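Listed below are the residues making up each chain.
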Amino acid sequence: MPPEVSSQWREKASGFFSSSGVRLKQAGQSAGSIAKNAGGNVADAAGKFGSLVKNRWALMQQSREQQNPAASGESMQERFRYAATSTGALLKKSITETKEKVAVGKLKVEEAAKKTADKSKNILNNIERWQKGVASTDVFGVPIEVLVQQQQSTRPVPQILVRCAENLIISGLNSENLFKTEGDRKVIRQLIALYNQDWNGSIPEGVSPIDVAALVKCYLASLPEPLTTFTLYHEIRNARSSISELRESLKKLPNVNYMTLEFVTALLLRVSQKSLLNKMDAHSLSVELAPVIMRQQGDPRADFYSHFYYTSKDPSGTMDQTLNHNSWVDYLDEDGDADASSQIPLDDDLPPDYGAIEVIQCLIEHHNAVFTDANETTWR
C-alpha cells in the first residue's frame, strides 16, 4: 500500500475518532442538561406547592376573624384540601416528566455511541482491507481486466453489468428518466457491498430499475481507468465525426474494454428505443453516461465521490488522483441524510465535455455500424 494512501487513511481515521469523541461528549452534556432542567421542574413544583399552602393558610387566618368562625373554618379546610390535592398532582406530573426527559437524554447518548461504534468498525475494516490491497472479492475500484480475469468467464464483460442489463431489459426500460434520476442511496450502498462479496450475485427482488441503472453508473465511475482508456481519449474524441475513423480507433482498445463498451452502448441503445416512455433519448443518455465512460486523466469530473455526492473539491482545484478510483470506499462509509434522489451534477466549474458526449451519442445511435466485428449484444 503506497505510503501516501496509508497516511490518508490514518488521517481519516484519526479525524473521525476525534470528531466522534466530541459528538459523544456533546450528547452526554445534552443529556445532563436535560436532567438538570428536569430537576429544575421539580424545584419549581415544590416552590409552587409552598406558595399555595402559604396563601391558603393566610385565607384561613382571615376567615377566623369573621362572624361565623366554625363554618368559615370548615370552608377553608375544604379549600386547603383541594389546594393540597391539586398541588400534589402537579408535583407528581413534574416528577413523571422529569423521568421521561432523563430517559430521552440517556437514549440519545446510547444512539450516538452505537452510531459511532458502527462507523468505527466500517472504517477499521476498510483500513485493514486497503493495507492488504484490494480484496480478492472486490468488484468496485478494481481494474476491469483484473475483474474479468478473476471471473474466468467466457464473456469478457464484468458480470455485474450483465446482471444489471438483464434486470433492466426484463422490467426496467419503461422507467422514466432511467440513468438520470438517482436511486436510493442506502439501496445502492447495499448493492455495492453485495457485489463486493459476490461478483456473480443476482439483483435482489424488489430493487427498482432506477437503483439498478444508478449501480451501473457507480460501477463505471469506480473504474481506475475509463472504458475508452486515457491513452486513446484524444484519438477517439477527434474521430467522432466519422464512423469509420471511430471504428478504427476503438479497435485499439484492449479486448475487455472494447467488448464492455459494446455491451454498455447496446444497453443504452435499447433504453433509447423506449424514449417515448422513459424520456431518455440517445443524447440524454450520453449526457449522463459520458463522464463515467470517457474522460481524460486528471479530469475532476472523474472523481466518483464528488460526482455523485457533492463532496468538496481539493482547494487547489485538482483532485487527488491517489483517491480517485478508491473513493467508492468513502461512499460505503458515508453517513448522513443527504438526498440521493437528486440528479448527479457535473462539476460546476467546468463545462460538459461535449466531445465525449458526441462520441457516446454516436456509439448509441450508430451502434451496429461501429461495432461491426464484435459479437453484437442482443436480447430477446
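Structure shown above.
Reading guide: rules and limits
- Residues numbered from 1 in each chain as written.
- Predicted model: local features only at pLDDT ≥ 70, side-chain atom pairs only at ≥ 80, totals over all residues.
- Heavy atoms only, no water.
- Core = buried A, V, L, I, M, F, W, Y, C linked by side-chain atoms within 4.5 Å.
- Buried < 20%, exposed > 50% of the residue type's maximum accessible area, 1.4 Å probe, protein only.
- Contact = heavy atoms within 4.5 Å.
- Helix = DSSP H or I, 4+ residues; strand = E, 2+ residues; numbered from the N terminus.
- Expected span 1.5 Å × (residues − 1).
- Phe/Tyr/Trp six-rings, centres within 6.5 Å; stacked < 30°, edge-to-face > 60°.
- Salt bridge = Lys/Arg side-chain N within 4 Å of Asp/Glu carboxyl O.
- Axes fitted to C-alpha atoms, helices over the stretch in contact; angles between N-to-C directions.
- Parallel < 35°, antiparallel > 145°, perpendicular 65-115°, else oblique.
- Left-handed = near helix turned anticlockwise from the far one by under 90°.

Caption draft 1: Focus on the nonpolar core. Within the largest apolar cluster, 69 residues are counted, with the highest numbers of intra-cluster contacts made by Phe179, Leu215, Tyr219, Leu220 and Leu250. With near-sequence residues (within four places) excluded, Leu220 lies in contact with Leu161, Leu227, Val264, Leu289, Val292, Ile293 and Arg295.

Caption draft 2: Geometry of helix H9 (residues 255–272). Taking 1.5 Å of rise per residue, the 18 residues of H9 would be expected to cover 26 Å, and the 26 Å separating its terminal C-alpha atoms lies within 8% of that figure. Within H9, 16 of the 18 residues are buried, which leaves it mostly tucked inside the rest of the structure.

Caption draft 3: Up close: the packing of aromatic side chains. For the coordinates displayed, the defined rule picks out two aromatic pairs. Summarising the aromatic geometry, the rings of Phe140 and Tyr219 are spaced 5.8 Å apart at their centres and angled 85 degrees between planes, so their arrangement reads as edge-to-face. Here Phe140 is found in the loop between helix H2 (69–132) and helix H3 (144–151), whereas its partner Tyr219 is found in helix H6 (residues 209–222), with 79 residues between them in sequence. A residue is classified by how much of its surface remains accessible, and Phe140, at 0% relative accessible area, is buried. With 5.4 Å between their ring centres and 65 degrees between their planes, Tyr258 and Phe371 make a pair best called edge-to-face. Of this pair, Tyr258 sits in helix H9 while Phe371 is found in the segment after helix H16 (367–370), placing the two residues 113 residues apart along the sequence. With a relative accessible area of 7%, Tyr258 lands in the buried category. Phe371 sits in the buried class, given a relative accessible area of 0%.

Caption draft 4: Seen up close, the environment of Leu276. If you trace the backbone, Leu276 turns up in helix H10 (residues 275–278). We classify Leu276 as exposed; its relative accessible area is 79%. Between the C-alpha atoms of Leu276 and Asn174, which are 102 residues apart in sequence, the distance is 8.7 Å.

Caption draft 5: Fine view of the pattern of salt bridges. Counted by the stated rule, this structure contains six salt bridges. With a shortest N-O distance of 3.3 Å, Glu288 and Lys217 are connected by a salt bridge. Of this pair, Glu288 sits in helix H11 (residues 282–293) while Lys217 sits in helix H6, placing them 71 residues apart in sequence. By relative accessible area, Glu288 is classed as buried at 7%. Lys217 sits in the buried class, given a relative accessible area of 1%. Here Arg237 makes a salt bridge to Asp353, at a shortest N to O gap of 3.1 Å. You can see Arg237 sitting in helix H7 (residues 233–238) and its partner Asp353 sitting in the loop between helix H14 (328–333) and helix H15 (354–365), a full 116 residues away along the chain. Overall, the relative accessible area of 13% leaves Asp353 in the buried class. Connected through shared salt-bridge partners, Glu182, Lys217 and Glu288 make up one network.

Caption draft 6: Focus on the packing of helix H4 (residues 159–171) against H6. Two elements in contact, H4 and H6, have axes whose closest approach is 10 Å; the angle formed by their N-to-C orientations is 155 degrees. The pairing of H4 with H6 is recorded here as roughly antiparallel in orientation. Handedness of the crossing formed by H4 with H6: left-handed. Contacts between H4 and H6 involve Ile160, Leu161, Cys164, Asn167, Leu168 and Ser171 from the first element and Pro209, Val212, Ala213, Leu215, Val216, Tyr219 and Leu220 from the second.

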